[in-house]
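# Breakdown of the fold
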Amino acid sequence: MFTKSLHMKNRIFLLLSWVFMVAYLPLYADTPEKWEDMNETVAILSFNDFHGAFVENKALDIPGIARMVSCIKALQKKYDHVYVVSAGDNLSGSYFSDQTRGAVWKEVKKLIGNGKIVSALGNHEFDWGKEFAIKSYKDRDFYYTASNMVPKDTADKAAYPHYWNRTIRLKNGKDNIYIYTQGLMTMETKRKSGERTDWFEMEMPMKNVPTTTPPSGRLYLLLGHIGTIMNGSTPEFMPESYEGKDCQLAELPYKSTYDAFVTGHSHNEVCGLINKKPVVQAGCYGRKIGVIVYKLEKNPKGEIRFKYDSCYLEDVMKYDPDPATQAIMDTWINKPEYNFAQKLTFCNDDLKYGRENMQQFTPIGALVTRSYANYYRKRMKDNYSVVYGISNYKGQRSGLSKGSVTKLDAGNVLPLSGQLVAFELTGREFIKLIEKGINNPDGWIQTHDLMMQYSRENFTTLKVEYLFRQDGDSYETYFERFEDIPKVIVVLEKYLADGNDGYDKTLFTKPVSSFNSLPDRKKTTDVFFEYLQTKEELNKDEPIYPQFNLIRPYKPKTASSEKQASLPADLLQDIRPESMYDERPRMSLQP
């Protein structure tokens, strides 16, 4: 009887406890914070890889700085608070900017972003040397930041802080919000910029990223001169390695507490979310402006938070040029000391040049490198040697539009003028140079007057099968096998001969001292100008343009492919293309 009574009391107690918890505990629980819309918007406006594209060129889809300023001004009116930033590679890259050292920016920047533009450091920020890079920082051309850059000299360490903190006063005149802005530089900088970066070291990008949650009213923004790309509708960080180690860039949206990412370097148009965080890249040359929009919210405690709203890329070309900016540009373009409007030749066709397909020889590359070879012949009074100019794919920066070609137009092809040097190679070494050049991850080597047939050994490696020197004109062309040529003079930029941009400096061991010691030899851009002035017109089918075709694609080994590989050598000879049947050192082919 006692036991049953005890059990009954226990059940009643448990039942009453459950009723109490259901009825009363919600009164003691923390109520969810109530965030109210402050009716204020914040927009981060970004550009990247502008490369000094101040001058408009509609044929090359370059809107110019006057349209870009107009676009930014319109967006400033659309949102309550605007923060203008750059992901780097700002001034170097156009002939106009190279000649003026980007001086026009000092006037234009005052028209946007209160003249205070925070920027990541791009690898091309060092194109004009350390002194200019430091001076550009001190003059506040941009407020540069790079958290993975470590200058060797203590005096240089203050030049590039790890971050900038932007304070924005809200409309009520009492509250502030803060945008903590940190920069990252591509780990390819030292490889791409060579000795110009000897004065600093680099740290792995993940070393200095924030890992704590931003406090109230603060946004963590990364300005990364690091590549991104779209995979369908989702952005992705492109992989990088440094000294054989993976940089783990894909982990940035997950292992850091950055709220947003403005990127550059790969010249892609990127817009979307990774781990619910916006990532943008606005292409290149000022064609687009990246826009990341936040709404501001406040809770009863007085805390403020950024609530992500949207991101998009704004087309700059649709805006009319800003009159004040255009007036500044007109003044600079018409300065007589630069002679930008001088006519050099006429182009009958659009000769395009871009990064859409970097695995090819191009007309622009042929014109540039032929100018090097012609200059060597002229200076050395040598019309008999086999002379070839070469260039890296990214050495040329743009194409030529149909119509008159001015000094400004041609200068944009080769804005980064370098010193020419000449070396002696054997024909077989030249074949090796070309083969390594077509396997360069930064684009094919550029040259002229040759015919190449190549095969694909695997998914990534190309092999030169036949390489012929091409000589003559549009009426009769002669071909000669490079393997039969004892000496080839190669003319190229010293930058490449020193082993930069992935070129093998062990091939350049026999300098032509009589040329290399000329004290008054011209630089690449002036050599190109001189060559164009000798041409009445340019066409898309000039005979100097290299010919190339893939004669054997890669196929994974199968029983049938192994059987073909075992065929007699004389039978394989008969499989060669018809134009290769004649094994004589020289042959004439009528068009």
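So, a few notes on the structure that sits alongside this text. None of the values given here were measured: they were computed from a predicted structure. (Residues numbered from 1 in each chain as written. Predicted model: local features only at pLDDT ≥ 70, side-chain atom pairs only at ≥ 80, totals over all residues. Heavy atoms only, no water.)

In this section: the overall build of the protein. Helices and strands together make up the secondary structure of the protein, namely 16 helices and 28 strands. Looking at the protein as a whole, 52% of its 591 residues qualify as buried. Counting only contacts in the protein whose residues sit at least 6 apart along the sequence, the fraction spanning at least 24 positions is 75%. A total of about 28,600 Å² of accessible surface is found on the protein, and carbon and sulfur atoms cover 51% of it. (Helix = DSSP H or I, 4+ residues; strand = E, 2+ residues; numbered from the N terminus. Buried < 20%, exposed > 50% of the residue type's maximum accessible area, 1.4 Å probe, protein only. Contact = heavy atoms within 4.5 Å. Areas by Shrake-Rupley, 256 points an atom, 1.4 Å probe, with all protein chains shown as cover.)

With that settled, consider unusual backbone geometry. With phi around 85°, histidine 265 is a residue other than glycine that occupies positive phi space. Overall, histidine 265 belongs to the buried group, its relative accessible area being 13%. Positive phi is not limited to glycine here, since aspartate 501 has a value of about 60°. Turning to its location among the elements, aspartate 501 is positioned in the loop between helix H12 (494–497) and helix H13 (513–516).

With that settled, the discussion passes to the nonpolar core. Residues Trp105, Leu252 and Ile289 are the most contacted members of the largest nonpolar core, which totals 109 residues. Among the elements that line this core, the one with the most residues is helix H9 (residues 363–380), at eight residues. Phe361, Ile431, Ile445 and Val490 belong to the second-largest nonpolar core, a separate cluster that totals 31 residues. (Core = buried A, V, L, I, M, F, W, Y, C linked by side-chain atoms within 4.5 Å.)

Below, the discussion takes up H9. Taking 1.5 Å per residue, 18 residues should reach 26 Å; H9 reaches 26 Å between its end C-alpha atoms and fits that length. Within H9, burial applies to Ile364, Gly365, Ala366, Leu367, Val368, Thr369, Ser371, Tyr372, Ala373, Tyr375, Tyr376 and Arg377. On the buried face of H9, the contacting elements are strand E20 (387–389), helix H10 (407–413), strand E22 (420–425), strand E26 (488–493), H13 and helix H14 (524–533). Note on H9: the residue one or two positions beyond its end, lysine 381, has a positive phi of about 50°. (Expected span 1.5 Å × (residues − 1).)

This part takes up the packing of aromatic side chains. All told, the structure shown has 33 aromatic pairs when counted by the stated rule. Judged by centre distance (4.8 Å) and plane angle (10°), the ring pair of tryptophan 105 and phenylalanine 142 falls under stacked. Taken together, the residues tryptophan 105 in helix H4 (residues 104–108) and phenylalanine 142 in the loop between helix H5 (129–138) and strand E4 (143–145) connect sequence positions 37 residues apart. Each residue in the set Phe47, Phe50, Phe54, Tyr95, Phe96, Trp105, Phe142, Tyr144, Tyr338, Phe340 and Phe529 is aromatic and connected to the rest through ring pairs, giving one cluster. We note lysine 190 situated over the ring of phenylalanine 200; from NZ or CZ to the ring centre the distance is 4.9 Å. The lysine or arginine in question, arginine 521, covers the ring of phenylalanine 515, its NZ or CZ lying 6.0 Å from the ring centre. (Phe/Tyr/Trp six-rings, centres within 6.5 Å; stacked < 30°, edge-to-face > 60°. Lys NZ or Arg CZ within 6 Å of the ring centre and 35° of its normal.)

Read from one edge to the other, the open sheet built from six strands follows the order E6-E7-E9-E14-E16-E15, with strand pairing classed as mixed. Sheet topology places strand E6 (163–169) and strand E15 (269–274) at the edges, where each strand pairs with a single neighbour. Each neighbouring strand pair of the sheet contributes to a mean axis angle of 20°, computed without reference to strand direction. Direction of pairing for E15 relative to strand E16 (residues 277–282): antiparallel, over a ladder of six bridges. Looking across to E16, one finds that leucine 273 is bridged to proline 278. (Pairing = 2+ DSSP bridges. Axes fitted to C-alpha atoms, helices over the stretch in contact; angles between N-to-C directions.)

The next thing to look at is the environment of asparagine 516. Of note, asparagine 516 is situated in helix H13. Since its relative accessible area comes to 19%, asparagine 516 is described here as buried.

This paragraph deals with the sheet that holds E26. Spatial ordering of the open sheet is given by E20-E26-E22, a layout of three strands whose pairing is mixed. Two strands lie at the open edges of the sheet, namely E20 and E22, each paired on one side alone. Here the strands of the sheet are splayed against their neighbours by 25° on average, with no regard to which way each runs. When E20 meets E26, the two strands line up parallel, connected through three bridges.

With that settled, the discussion passes to the side chain of serine 401. Structurally, serine 401 is set in the loop between E20 and strand E21 (403–406). Excluding residues within four positions of it along the chain, serine 401 makes contact with Asn57, Ala59, Leu60, Cys347, Asp349 and Asp350.

Now for the pairing of strand E18 (residues 304–315). Note on strand geometry: in a regular strand, side chains alternate between the two faces of the sheet. With eleven bridges connecting them, strand E17 (residues 288–298) and E18 associate as antiparallel partners. If you follow isoleucine 292 over to E18, its bridge partner there is cysteine 311. Turn length for the E17-E18 hairpin, with the two strands adjacent in sequence and antiparallel, is five residues, and the turn residue glycine 302 shows positive phi of about 85°.

Quick look at the pattern of salt bridges now. In the structure shown here, the tally under the stated rule is 31 salt bridges. For lysine 378, the salt bridge goes to glutamate 530, with nearest N and O atoms at 3.4 Å. Of this pair, lysine 378 sits in helix H9 while glutamate 530 sits in helix H14, and the two are 152 residues apart along the sequence. Using a relative accessible area of 19% as the deciding quantity, one classes glutamate 530 as buried. (Salt bridge = Lys/Arg side-chain N within 4 Å of Asp/Glu carboxyl O.)

In this section: the packing of helix H2 (residues 65–78) against helix H8 (residues 323–333). The contact between H2 and H8 brings their axes to 8 Å, and the two run at 160°. One finds that H2 runs roughly antiparallel with respect to H8. Our pair here, H2 against H8, has a crossing hand that is right-handed. Touching Ile65, Ala66 and Val69 of H2 are Thr325, Gln326 and Met329, all from H8. Counted by class, the contact of H2 with H8 contains four nonpolar, two polar and no charged residues. (Parallel < 35°, antiparallel > 145°, perpendicular 65-115°, else oblique. Left-handed = near helix turned anticlockwise from the far one by under 90°. Nonpolar A, V, L, I, M, F, W, Y, C, P; charged D, E, K, R; others polar.)

This part takes up the environment of alanine 87. Examined against the element boundaries, alanine 87 turns out to sit in the loop between strand E2 (81–86) and helix H3 (95–100). The class of alanine 87 is buried, set by a relative accessible area of 0%. For alanine 87 and leucine 184, which are 97 residues apart along the polypeptide, the C-alpha to C-alpha distance reads 8.9 Å.

Turning to the pairing of strand E9 (residues 218–225), a few remarks are in order. With seven of eight residues buried, E9 lies mostly within the body of the structure. Bridge analysis of strand E7 (residues 176–185) against E9 gives eight bridges, and the strand direction is parallel. Its bridge partner lying in E9, leucine 184 is registered against glycine 224.

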